[in-house]
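# Examination of the molecular architecture
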Amino acid sequence: MTNLEKYKKIFAQTLEISEEQLTGLTYQSIPAWDSVGHMMLTSSLEHAFDIIFDTDDIIDFNSFEKGIEILKKYGVQLN
C-alpha cells in the first residue's frame, strides 16, 4: 500500500465516508469532520506515519489536499 493509499484510507475510515468523497473535502463540510473528528484524524495520521504534528499544522489542516501538503512537510512521500 502506498502512502497516498494509506492517507486516503485513514481519512475515509476516520470520517466514515467513501474515498470518492475525499477530493475537495474541507473541515466542517460534513458532520463527521468536526473538532473531535479533526483530532481523531490527526492522531490517526500521526500514528500511521510516525510523526507528531505541530499545533500550527493541526490548525492549518483544513482540507484533504492541505493534509497532503502538511504530510510532505514531515517527509511523508504521497505519490
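Another point: the nonpolar core. Core analysis: the largest hydrophobic core is formed by 22 residues, its most contacted members being Y7, F11 and L25. Looking at this core, the elements with two or more residues in it are α1 (3-15), α2 (35-49) and α4 (64-73). What Y7 contacts, discounting residues up to four positions off in sequence, is L45, F49, F61, S63, F64, G67, I68, L71 and L78.

So, about the packing of aromatic side chains. As enumerated under the stated definition, the model contains 9 aromatic pairs in all. Considering the side-chain rings of Y7 and F11, the 5.3 Å spacing of their centres and the 70° angle between planes classify their relative orientation as edge-to-face. On the criterion of helical spacing, the pair formed by Y7 and F11 is a turn pair, its members being 4 residues apart in helix α1. Judged by relative accessible area, which is 0%, Y7 ranks as buried.

Overall, the coordinates contain 2 salt bridges when judged by the stated rule. In this structure, the salt-bridge partner of D57 is K73, at a minimum N-O distance of 2.9 Å. With a gap of 16 residues between them, D57 in helix α3 (residues 55-60) and K73 in helix α4 connect regions that are remote in the sequence. A residue is classified by how much of its surface remains accessible, and K73, at 53% relative accessible area, is exposed. For K66, the salt bridge is made with E69, and the minimal N-O distance between the two is 3.5 Å.

Next up on the list: the packing of α1 against α4. One can describe the packing of α1 onto α4 by two numbers: an axis separation of 12 Å at closest approach and a directional angle of 135°. Relative to α4, α1 is oriented oblique. Both α1 and α4 take part in a crossing whose hand is right-handed. In this structure, α1 uses L4, Y7, K8 and F11 to contact α4, whose residues at the interface are F64, G67, I68 and L71. In terms of residue class, the contact of α1 with α4 is made up of 6 nonpolar, 1 polar and 1 charged.

Here is what the cut-offs are and how they apply
Residues numbered from 1 in each chain as written. Predicted model: local features only at pLDDT ≥ 70, side-chain atom pairs only at ≥ 80, totals over all residues. Heavy atoms only, no water. Core = buried A, V, L, I, M, F, W, Y, C linked by side-chain atoms within 4.5 Å. Buried < 20%, exposed > 50% of the residue type's maximum accessible area, 1.4 Å probe, protein only. Helix = DSSP H or I, 4+ residues; strand = E, 2+ residues; numbered from the N terminus. Contact = heavy atoms within 4.5 Å. Phe/Tyr/Trp six-rings, centres within 6.5 Å; stacked < 30°, edge-to-face > 60°. Salt bridge = Lys/Arg side-chain N within 4 Å of Asp/Glu carboxyl O. Axes fitted to C-alpha atoms, helices over the stretch in contact; angles between N-to-C directions. Parallel < 35°, antiparallel > 145°, perpendicular 65-115°, else oblique. Left-handed = near helix turned anticlockwise from the far one by under 90°. Nonpolar A, V, L, I, M, F, W, Y, C, P; charged D, E, K, R; others polar.

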